[in-house]
Amino acid sequence: MSWRLLIAVVLVGCGGGDSGTAPLPTVTPGAPVAGMAQRPLVLPVGTPLGGYSSRCGYLGSASEVDARDSAYTQNWSSSLGVYTQPMVKAMWLENGDQDLVLLKADVIYAFDGFVDALEARLEAETGRDMQGKVVFATNHSHASWSNYSDQVHFYLGGDRYNEEVFQRFVEQAAAVALEAWDTREAVAIGTSWTRDWDPDDRVYHDRRPENNDLSIWPDRDEGMGKDPYLHLVRVDRLDGTPIGLVFTFGVHGTMLGDENPLVSGDAPAGVEFAVQEAFGAPIVAMHLQGAGGDASPSGVDADYAATESTGVFAAPLILAAWETTPTGSSPIRLESAGIHVPEGLEQVRVTRDGTTDLYYLPYEEDRVPDEQIYDSDGSILSPLDEFNAPSGAAFCGSDEPLIPAGGIGSEVFPYSACMDVELVSRIMLGIFDLEEGDVVLPLPESLAAGAS
C-alpha cells in the first residue's frame, strides 16, 4: 500500500470530488489529537516463523532445532526461543470529526480478516464507528510469528492457520490500540521528506539487479536502484516534548536467514529500537514498510549483531530528519479510504505514454508458449503468452520452481519458475492436512489487491 499517499491524506485532507459511485462525505477540519502506544507481541514459543517457505517440512524444514512436536505447528519448523520480542505499535489520530488508527506489528504479512476483527473489537470498546478507520501494517520480518492468517495461499509462507494464535494476536493488538486511545491529547504534528538519506547504503541497499536499468525517479539519472526517500511524521505534545514518530522506508526483514530459529523483528525492528534509545525518554518509534521488495538490509557483522547495527547507522539519520520536520496544531482534515484493485490475468495491463501496451493472452488450456519475451531491439513482446495458468501462479522469478511438479509449462525466465496454483493446491492438501473444500479456486484473496 502507499503509505506516502495515506499520510498525505491524513495531514492535508481532501477537498471533495466525485468518487464515481456516490458523493464523498463532508470533511470537517479540526485540531489534531493523537495518542501512541506499544507493547510486545507475546505468543507461545513453538509458534512457527514466517517468510521462508524452506521452513515447511515438505521443503526441507529449515531452522528446525527442536525435534519435539509443537501444538502450534502443522507442517513447519517450530520456533526455539526469542531474541527480541516483536512489537505491536499504534497511533490513534483524530480531529473531532474522524478517527484513524495506524497499527503496525513486527510480523510477515497482513490480511483483511485481522482488520475486520480489530475494527469490531475497537467499536465495542469505544462506541465509535471504526469501519474503514483501521489500517494494519507489518514490518515484513522473516523471523517472527506467522500462522495467524487464514488465507490459504500464505500457508506456504507461514504454516496452516491457528485460531488460538489469531485470537491472541487480535487481543494484544486491540489492547495497544486502546492504550493509544486512552492517552490521546492535543498535539502538534508535521510531515517531511528526505531524499538520499542513506547515501552510503549502510542501512539498506538495492536488492535485485534485474530492474536496475528502469528509470523510476524522474530526478535521478542512474536508473532505479533503491527507493531513496525517507518519509517521516512527527507527533509532539503542545509543549514541544515528543510523543513519537512514524517513519517510512523500504527494507526487507531478511537480515536473519531461514536457518534462524529465534523470534525477532529483524532489521526494521533494530532501527526502531535504536531510534527510541537515542531519544533518552519514552517515545514510540513506528517504522512503516515502504518499497521493500527490492531493498535489503545492510548493516555490518553477522546474525543478531547485524540487526542491531542497522539501527546504529539509521538512528542519527532519522533523528536529523525528525529535528528538521516542522509541526503545527492548526486544524487538519482527516479522511480514510480503501480500494481493492482487480488483478486477474485478463485485467492486468500496462499502458504508458501511448507507446507501451503490455498484457497477457487469456488462459488457453492447450497453448504452447512461444518462449519469446523480448524483440530484437530489447523491447517486450506483447501480448505475452507464457503466463498461462487458470487460477494464477506463484514464485515466478525464482531460479527454479519451488515444487518442480507444479510449473505452468514455460521454460523462459521469469515464467520458468512459476508454479501453477491449481496444481500446487493439490499438494497443499496433503502438506497441511486440508479437506477438499478448504481450497477454493481461484483463491478469493488473489482476485484483488487491497489498500487503505
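Refer to the structure presented above.
Residues numbered from 1 in each chain as written. Predicted model: local features only at pLDDT ≥ 70, side-chain atom pairs only at ≥ 80, totals over all residues. Heavy atoms only, no water.

Enquirer: A description of the packing of aromatic side chains should follow, citing residues and the corresponding values.
Expert: This structure, assessed with the given rule, holds 21 aromatic pairs. Summarising the aromatic geometry, the rings of Y360 and Y415 are spaced 6.2 Å apart at their centres and angled 85° between planes, so their arrangement reads as edge-to-face. Of this pair, Y360 sits in the loop between strand 15 (356-359) and strand 16 (393-394) while Y415 sits in the loop between strand 16 and strand 17 (419-420), and the two are 55 residues apart along the sequence. A residue is classified by how much of its surface remains accessible, and Y415, at 8% relative accessible area, is buried. (Phe/Tyr/Trp six-rings, centres within 6.5 Å; stacked < 30°, edge-to-face > 60°. Helix = DSSP H or I, 4+ residues; strand = E, 2+ residues; numbered from the N terminus. Buried < 20%, exposed > 50% of the residue type's maximum accessible area, 1.4 Å probe, protein only.)

Enquirer: Outline the sheet that holds strand 1 (residues 33-40), supporting the account with residue identities and numerical values.
Expert: Two strands in a sheet stick together by hydrogen bonds in their backbones, pointing the same way (parallel) or opposite ways (antiparallel). Spatially, 8 strands are ordered 5-4-3-1-6-8-9-11 in an open sheet, and the strand pairing comes out mixed. A single partner strand is all that each edge strand has here, and the edge strands are strand 5 (134-138) and strand 11 (284-289). Neighbour to neighbour, the strand axes of the sheet diverge by 25° on average, direction disregarded. Inspection of the sheet shows strand 1 paired to strand 6 (residues 185-195) by 2 bridges, in the antiparallel sense. (Pairing = 2+ DSSP bridges. Axes fitted to C-alpha atoms, helices over the stretch in contact; angles between N-to-C directions.)

Enquirer: Which residues make up the environment of N211, and what are the values?
Expert: Note that N211 resides in the loop between strand 7 (204-206) and strand 8 (229-237). The sequence separation of N211 and D294 amounts to 83 residues, and the corresponding C-alpha distance is 9.1 Å. Look past the residues within four positions of N211 in its chain and what remains in contact with it is M224 and D294. (Contact = heavy atoms within 4.5 Å.)

Enquirer: Help me get a handle on the packing of helix 4 (residues 266-279) against helix 5 (residues 303-323), residues and values and all.
Expert: Where helix 4 contacts helix 5, the axes come no closer than 7 Å and their chain directions differ by 55°. One element, helix 4, and the other, helix 5, form an angle in the oblique class. Helix-helix and strand crossings are classified by hand; for helix 4 and helix 5 the assignment is right-handed. Across the interface between the two elements, D266, A267, G270, V271, A274, V275, A278 and F279 of helix 4 pack against T307, T310, G311, V312, A314, A315, I318, L319 and W322 of helix 5. Class assignment for the residues of the contact of helix 4 with helix 5 results in 12 nonpolar, 4 polar and 1 charged. (Parallel < 35°, antiparallel > 145°, perpendicular 65-115°, else oblique. Left-handed = near helix turned anticlockwise from the far one by under 90°. Nonpolar A, V, L, I, M, F, W, Y, C, P; charged D, E, K, R; others polar.)

Enquirer: I'd like a rundown of the pairing of strand 11, residues and numbers included.
Expert: In regular strands, side chains alternate between the two faces of the sheet. With 6 of 6 residues buried, strand 11 lies mostly within the body of the structure. Every second residue of strand 11 is oriented toward a common face, with V284, M286 and L288 on one face and A285, H287 and Q289 on the other, all of them buried. The pairing of strand 9 (residues 242-249) with strand 11 spans 6 bridges and is parallel. Considered in strand 11, the bridge of V246 is made with M286.

Enquirer: Summarise the state of the cysteines; cite the residues concerned and give the values.
Expert: One covalent bond between the sulfur atoms of two cysteine residues makes up a disulfide. In this structure the tally under the stated criterion is 1 disulfide. Just so you know, C56 is unpaired, no disulfide at all, and the nearest cysteine sulfur is the one on C396, 19 Å from it. (Disulfide = S-S within 2.5 Å.)

Enquirer: Run through the packing of helix 2 (residues 112-126) against helix 3 (residues 163-182), naming residues and quoting values.
Expert: Between helix 2 and helix 3, whose axes approach to 10 Å, the crossing angle comes to 45°. It follows from the interaxial angle that helix 2 and helix 3 lie oblique. Where helix 2 crosses over helix 3, the two elements pack in a sense that is right-handed. Between helix 2, through G113, F114, A117, L118, R121, L122, E125 and T126, and helix 3, the contact on the second element is made entirely by F166, F169, V170, E171, A173, A174, A177, L178 and W181. A class-by-class count of the residues in the contact of helix 2 with helix 3 yields 12 nonpolar, 2 polar and 3 charged.

Enquirer: If you had to explain the nonpolar core to someone new, which residues and values would you point to?
Expert: Core analysis: the largest hydrophobic core is formed by 36 residues, its most contacted members being L103, F114, L122 and F169. Within the residue set of this core, elements represented by two or more residues are strand 3 (87-94), strand 4 (99-105), helix 2, strand 5 and helix 3. At 11 residues, helix 3 tops the list of elements feeding residues into this core. Apart from the residues within four sequence positions on either side, L122 is in contact with W92, V101, G127, M130, V134, A174, A177 and L178. If you look at the next biggest cluster of nonpolar residues, it comprises 23 residues, including V251, A274, A295 and A321. (Core = buried A, V, L, I, M, F, W, Y, C linked by side-chain atoms within 4.5 Å.)

Enquirer: So what's going on with helix 4? Residues and values would help.
Expert: Along its 14 residues, helix 4 runs 21 Å from first to last C-alpha, staying within 8% of the 20 Å computed at 1.5 Å per residue. Counting buried positions along helix 4 gives 11 out of 14 residues, so the element sits mostly inside the fold. Of the positions making up helix 4, those classed as buried are D266, A267, P268, A269, G270, V271, E272, A274, V275, Q276 and F279. In the stretch just after helix 4, G280 is the one whose phi turns positive, near 70°. (Expected span 1.5 Å × (residues − 1).)

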